[in-house]
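Single-letter residue listing:
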Amino acid sequence: MTFSIIGRCEKTNMVGVAISSSSISVASRCPWVRAGVGAASTQNVTDPSLGNLMLDYLEKGLDVTEAVSYTHLTLPTNREV
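Rules used throughout
- Residues numbered from 1 in each chain as written.
- Predicted model: local features only at pLDDT ≥ 70, side-chain atom pairs only at ≥ 80, totals over all residues.
- Heavy atoms only, no water.
- Helix = DSSP H or I, 4+ residues; strand = E, 2+ residues; numbered from the N terminus.
- Buried < 20%, exposed > 50% of the residue type's maximum accessible area, 1.4 Å probe, protein only.
- Contact = heavy atoms within 4.5 Å.
- Polar contact = N/O pair within 3.5 Å; in protein donor to acceptor, adjacent residues only side chain to side chain.
- Salt bridge = Lys/Arg side-chain N within 4 Å of Asp/Glu carboxyl O.
- Core = buried A, V, L, I, M, F, W, Y, C linked by side-chain atoms within 4.5 Å.
- Arc of directions from axis to C-beta.
- Axes fitted to C-alpha atoms, helices over the stretch in contact; angles between N-to-C directions.
- Parallel < 35°, antiparallel > 145°, perpendicular 65-115°, else oblique.
- Left-handed = near helix turned anticlockwise from the far one by under 90°.
- Nonpolar A, V, L, I, M, F, W, Y, C, P; charged D, E, K, R; others polar.

Student: Which residues make up the environment of Ser4, and what are the values?
Tutor: Positionally, Ser4 belongs in strand S1 (residues 2–8). Residue class for Ser4 comes out partly exposed when judged on its relative accessible area of 31%. On a C-alpha basis, the gap between Ser4 and Thr42 in space is 8.1 Å, while along the polypeptide they are 38 residues apart. The residues contacting Ser4, other than those within four sequence positions of it, are Ala18, Ile19, Ser41, Thr42 and Gln43. Within the structure, Ser4 has its side chain in polar contact with the side chain of Ser41 (distance 3.2 Å). At 3.0 Å, the side chain of Ser4 and the side chain of Gln43 are in polar contact.

Student: For the pattern of salt bridges, give the residues involved together with the corresponding values.
Tutor: This model, assessed by the stated rule, comprises two salt bridges. Several salt bridges converge on common partners, so that one network encompasses Arg34, Asp56 and Glu59.

Student: I'd like to hear about unusual backbone geometry, residue by residue, with values.
Tutor: At Asn13, a residue that is not glycine, the phi angle is positive and equals roughly 65°. Residue placement: Asn13 occurs in the loop between S1 and strand S2 (15–21). Under the relative-accessibility criterion, Asn13 is labelled exposed at 51%. With a phi angle near 65°, Ser25 is a residue other than glycine that sits in the positive phi range.

Student: Can you lay out the nonpolar core for me, pointing to particular residues and giving the numbers?
Tutor: The biggest cluster of nonpolar side chains holds eight residues, and these are Trp32, Ala40, Met54, Leu55, Tyr57, Leu58, Leu62 and Ala67. Once residues lying within four places of it in the same chain are set aside, the contact partners of Tyr57 are Leu62, Ala67, Tyr70, Thr71 and Thr74.

Student: With reference to specific residues and values, describe helix H1 (residues 49–59).
Tutor: Within H1 the residues assigned to the buried category are Leu50, Gly51, Met54, Leu55, Tyr57 and Leu58. Buried residues of H1, seen end-on, are gathered within an arc of 155° and therefore sit on one face of the element. Where H1 is buried, its residues meet strand S3 (31–34), strand S4 (38–41) and helix H2 (64–73). Looking one or two residues beyond H1, the residue adopting positive phi is Gly61, at roughly 105°.

Student: Describe the packing of H1 against H2, with residues and values.
Tutor: Their axes nearest at 9 Å, the elements H1 and H2 cross at an angle of 135°. Here H1 lies oblique to H2, going by the angle between them. Crossing angle aside, the handedness with which H1 passes H2 is right-handed. On H2, the residues touching Leu50, Leu53, Met54, Tyr57 and Leu58 of H1 are Val64, Ala67, Val68, Tyr70 and Thr71. The residue inventory of the contact of H1 with H2, partitioned by class, reads nine nonpolar, one polar and no charged.

Shown next, in the form of structure tokens:
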């Protein structure tokens, strides 16, 4: 099981990701942060390209809900976001 949280500082606008998991190496493949854009987090068993895809959508100006929705459209129908 993996738990993730993303936070943003209202004063500095800096973002960060924290992850806790029973699986090894999750921290190396689940958090995604891009300076000036935002942060995203995937879960333990996932397509590692999804984090960058979400950040690409954010960088293009989509809001968080739109970025998640567009990312969801790229997944097979049996996957959750």
